[in-house]
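# Residue-level structural notes
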Amino acid sequence: SCIVDEGCSDSFAINYSGDLCVSASFINENCDYLSMDITGCLDETACNYFNFDYQITASNMTIAIADISNLVTGDIIGVFYADENGFMSCGGSVVYEGEQMALAVWSDDISTSLIDGFQSNDQFIFLILRDGVVYDAIVTLNNTSPFSNVYVSNGFGQITSLSLGNEFLQDCV
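Residues numbered from 1 in each chain as written. Predicted model: local features only at pLDDT ≥ 70, side-chain atom pairs only at ≥ 80, totals over all residues. Heavy atoms only, no water.

### A look at the overall build of the protein chain
To keep things clear, this is the line we draw: Here a helix means four or more residues in a row that DSSP labels H or I, a strand means two or more in a row labelled E, and each is numbered from the N terminus. For this measure, only C-alpha atoms enter the radius of gyration; the expected value for a globule follows 2.2 Å times N^0.38, where N is the number of residues. Partly exposed residues are those whose accessible area sits between 20% and 50% of the maximum for their type, while under 20% is buried and over 50% is exposed, using a 1.4 Å probe and protein chains only. Residue contacts are defined here by distance: any two heavy atoms, one from each residue, within 4.5 Å place the two residues in contact.
Broken down by element type, the protein chain carries zero helices and nine strands. In the protein chain, the order of α-helices and β-strands from amino to carboxyl end is β-β-β-β-β-β-β-β-β. Expected size for 173 residues packed as a compact globule is a radius of gyration near 16 Å; at 17 Å, the protein chain falls within 12% of this value. Seen along its three principal axes, the alpha-carbon backbone of the protein chain occupies a region of about 55 × 40 × 30 Å. Within the protein chain, the proportion of its 173 residues that are buried is 41%. Long-range pairs, those at least 24 residues apart, make up 60% of the contacts in the protein chain with a sequence separation of at least 6.

And the structure:
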C-alpha cells in the first residue's frame, strides 16, 4: 500500500494513478479530465441554440441530487452533452420544488444518425436556470460503486455537492 500525494483515484481521469500500488490512499487528490470544447447559445436564431428541453429515448441513467442546500424553488437543473455539431444539447432536466430529487439522463437513440442523448462514458455538463439566467453548476459526483461520474446506460449517479457557479458564457454561432 502507499500514500499518493496529488494523484488521482478516478480511472476516468487522464492523470489516473490508482495503479501505482495495490492499495492506495490519496491526499490532496487532483484529478484532470479531458476538456470539452462545445458551444451553446440562448438566442433562438443561433445555430447552436439550446434550452432545457430534452428528448426521451429508450434508456437513461438516474442521478440522485443529494445536496439541495444551494437551490431555490423553481430552479431548473439540466445536464448537457455535445451533439454531432459540437453544440450543447439537453439530455435531461428537473425543476426543484423544495424536496429531494433525481434527474433522468437520457441516452442517444442509436437507430438515428443524430446524436440525441448521452453515449457511453460521456461526461456531464450541468447548468442551472434561475430566474431566466443560466449558471454553470459546480458539482461533485460520487464515483464509488454503484455510482458513476460518466454516462452509463441504466446506471446510477449521485451529486454529493451542488452549487451555483458563474453566469453561463454564451458563444453564439
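That was the structure; now back to the text.
### Side note on the pattern of salt bridges
Here is the rule we go by: Just to be clear on terms, a salt bridge is a Lys or Arg side-chain nitrogen sitting within 4 Å of an Asp or Glu carboxyl oxygen.
Going through the model one piece at a time under the given rule, you end up with one salt bridge. Put simply, Asp75 and Arg130 hold a salt bridge, and the shortest N to O gap is 2.7 Å. Within this pair, whereas Asp75 is found in the loop between strand E3 (60-65) and strand E4 (76-82), its partner Arg130 is found in strand E7 (residues 125-130), the two being separated by 55 residues in sequence. Residue class for Asp75 comes out buried when judged on its relative accessible area of 1%.

By themselves these figures say nothing about function.
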